[in-house]
Amino acid sequence: MSFYCALSGEPAQNPVIVPQSGYVYEKSLLEKYFAEHGEKDPITDAAVEGGIGGVVVVKRAPSNLKISAPNTAPRPPSLTSIPSLLHTLQSEWDGVMLECAELRKVANQLRQDLSLALYKEDAAMRVLARVVRERDEARDALNNITSTLGVSGQTNGSAAGGGGDVEMEDASTEAGPLGAEAEGRIEAAHQSLIKTRKALKPPSSKFTDAVKLKPVTAEEVKTFEQVQVVGSLHGSKKDEVGISAVATWGAGGLNGAEEGKEDGGILATGGSDKVVQVYDRVNDKVLATLKGHTKPITSIVLSPMSRTSGELSIPTFLASSSSDKTVRLWTPTESASAKSLYKSWTTLSGVHDGSVTGLSLHPSNTLLASAASDGTWAIHDLAGDGVKTLFTHSSSSGSEIPSGVGFTSTAFHPDGALIGVGGSDGALRIWDPRRRMMSAIFESKDGAVKTVGFSENGFLLAVGYESEVVKVWDLRKSEMSPHTATVSYTAHVDPTVTSNQPPPAVIDWLMGRR
C-alpha cells in the first residue's frame with residue numbers, strides 16, 4: 001500500500017500524518033513548510049502541536065517482523081510492459097536529440113555574434129591606433145619644424161610675419177635608431193648652430209675679395225660669361241667624357257672652409273671615367289687622381305675641416321659615391337713624397353642595392369648621409385676608428401612613400417637636426433634622423449629632384465628639378481608657397497654635369513645673398 005503526499009501528490013517515501021487534520025505528507029516537504037510558514041497544517045492552516053515532533057510517522061511493516069519495507073516508489077502503469085518502455089525511451093531520445101539540435105543552433109548563432117563583435121572591436125582598435133599614430137606624427141613634425149627651422153607658432157605675430165627666428169627646445173628625448181652617442185652629437189651641433197646661424201654673413205677671403213663677390217639678381221646671372229676652362233680632367237674615350245659630380249672647398253666659402261685659412265680653393269670632380277680628381281683651381285694643377293670606383297661618379301662631398309699639406313690647406317677627407325652602389329672615403333696621405341695627396345680610407349658597400357645618387361655631410365663633420373636610386377637612404381658614423389652604418393631607411397618600410405620611388409639627392413639642414421631627401425617622384429621629404437620620422441614633404445610636378453640645399457641661416461630651401469626649374473621655399477612662413485625660376489643650362493650649366501651642387505643662381509639663394 002502506498003501513501004500519497006497531500007502537497008506533491010506523489011507517493012511518499014517517508015509518510016507522516018498530522019493528527020489535527022489527518023492528512024498524509026512527505027516528511028521532508030512538511031519540514032520545509034514548517035521552516036518557511038511556521039508549525040501549521042499546510043491544508044487546514046491549523047496549528048500543529050509539537051511541530052514536526054507532534055506528527056505520526058507511518059510505519060509500513062511491524063518492527064518485530066524482519067521484513068524490510070520497500071523504499072522505492074511504485075512503478076507507473078505506463079512502464080509495466082516492454083512496448084511502453086520502448087515508447088518511453090524513444091520519446092526521451094527524441095527529446096534529447098531535439099534539445100541538442102536546438103543547443104547547436106543557439107551555439108552557432110552565439111559564435112557568429114561573437115566573431116562579428118570581435119571583428120568590429122579589432123577594426124575599431126586599428127582605426128584608433130592609426131589616428132593616434134597620425135596625431136603623434138603630426139605633433140612631432142610640428143615640433144621639429146618649429147624648433148629646428150625657427151617657425152613661430154603664431155600666425156600673425158612678428159616672427160611669422162616678419163621672418164624672425166624663434167628658438168625652441170627640441171622635444172626629442174628618447175634614443176632613436178642612431179644611438180645615444182650619435183644623437184648626442186646631433187643635439188650638441190643643433191643647440192650650438194641654431195643660436196648663431198641667423199647672424200651669418202657672406203664669407204670673405206682673398207679670392208672672394210678679388211672677384212668682388214656680391215649679391216646678384218636673376219637678370220645679372222643671365223649675363224655671366226665664361227672666364228676659365230679646365231680641360232682634360234676626365235676621360236679620353238668618347239663614352240667616358242663628361243663631369244658627373246663636382247664639389248668646391250675654400251676660397252669662396254661655398255663649402256665652409258675654416259675661418260682664417262688662406263687656401264688655394266679646392267675643386268673635386270667626378271666623371272664618367274670612374275675617377276675622382278682633386279684640383280687646385282688657383283694654381284691650376286691636379287692634386288690627386290683617385291681611382292677605385294667601377295662605374296661613373298654621382299656625388300662628392302668635402303670635409304669643411306682642413307689640414308696643411310706643404311703650403312696648401314686641403315680638406316681632412318672627402319667622400320665619393322658611384323653608380324657601382326658604393327661610397328668611398330679618402331684621406332690625405334701621410335708622406336709628403338707621395339704621388340697623390342689622398343689615399344683610400346674605406347669603402348661602404350652592401351648598404352644600397354641601387355646607384356648611390358647623393359651624399360651630404362653633417363655639420364658635426366662626423367656623420368655622412370647617402371641616398372640611392374633603390375629607394376633607400378642611410379647615415380654613416382665617421383667618428384671613432386672605423387666607419388659604420390648606423391641605419392638604412394627604405395621606401396618600402398614606410399607607407400608614406402609610394403612604391404617604386406627612388407632617391408636622387410640629399411642634404412642636411414645647417415642645424416643638423418633634419419635631413420632633406422629628394423625623390424624621383426619630384427617630392428622633397430624632410431626627415432628627423434634621430435627618430436627616422438618624416439617631418440614634412442615638399443611636392444612638385446617638375447620632374448625628379450636633381451639637387452637640394454638649405455641656406456646657411458636655415459631660412460630658405462632651394463630645390464632643383466629635372467625640368468630645369470628651381471623652387472625656393474621660405475621656411476619661416478606659415479604658407480609654404482615656393483618662388484620658382486627657370487634655369488637655362490645654356491647660360492651657366494654644362495648639360496653633361498649632373499652635379500649635387502646647385503647652379504650659381506641657386507648658390508646665391510643658398511648663401512643668403514638674395
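Data block above holds the structure.
Residues numbered from 1 in each chain as written. Predicted model: local features only at pLDDT ≥ 70, side-chain atom pairs only at ≥ 80, totals over all residues. Heavy atoms only, no water.

Peer 1: Residues and numbers for unusual backbone geometry, please.
Peer 2: The phi dihedral of D45 is positive, around 65°, even though this residue is not glycine. Tracing the backbone shows D45 in the loop between α1 (27-37) and β3 (56-57). Note on D45: relative accessible area 45%, which makes it partly exposed. Phi at K274 takes a positive value of approximately 70°, unusual for a residue other than glycine. (Helix = DSSP H or I, 4+ residues; strand = E, 2+ residues; numbered from the N terminus. Buried < 20%, exposed > 50% of the residue type's maximum accessible area, 1.4 Å probe, protein only.)

Peer 1: Pulling in residues and values, what's your account of the nonpolar core?
Peer 2: Soluble globular proteins tend to bury their nonpolar side chains together. Formed by 18 residues in total, the largest nonpolar core has its most connected members in I266, V278, L290, I300, L302, L318 and Y342. Not counting residues within four places of it along the chain, the set of residues in contact with L318 comprises V276, V278, L290, V301, L302, R328, L329, W330 and Y342. Judged by nonpolar contacts, the second largest core, of 17 residues, contains L178, I186, L367 and L390. (Core = buried A, V, L, I, M, F, W, Y, C linked by side-chain atoms within 4.5 Å. Contact = heavy atoms within 4.5 Å.)

Peer 1: Just give me the short version of the sheet that holds strand β17 (residues 388-394), but keep the residues and values in it.
Peer 2: One open sheet accounts for 4 strands, arranged β14-β15-β16-β17; its pairing is antiparallel. The open sheet has two free edges, formed respectively by β14 (356-361) and β17, since each of these has just one partner strand. Ignoring strand direction, the axes of neighbouring strands in this sheet form an average angle of 20°. (Pairing = 2+ DSSP bridges. Axes fitted to C-alpha atoms, helices over the stretch in contact; angles between N-to-C directions.)

Peer 1: A description of the pattern of salt bridges should follow, citing residues and the corresponding values.
Peer 2: Under the defined criterion, the tally for this structure stands at 9 salt bridges. Taking the shortest distance from any N to any O, the salt bridge between D136 and R135 comes out at 3.0 Å. Note that R185 is salt-bridged to D381, the shortest N-O span being 2.8 Å. Note that R185 is positioned in helix α4 (residues 180-193) and D381 in strand β16 (residues 376-381), a separation of 196 residues in sequence. Here R185 matches D381 in class, with each residue buried. Within this structure, E187, D432 and R434 form a network of salt bridges that share partners. (Salt bridge = Lys/Arg side-chain N within 4 Å of Asp/Glu carboxyl O.)

Keep in mind that these numbers describe shape and distance, not what the molecule does.
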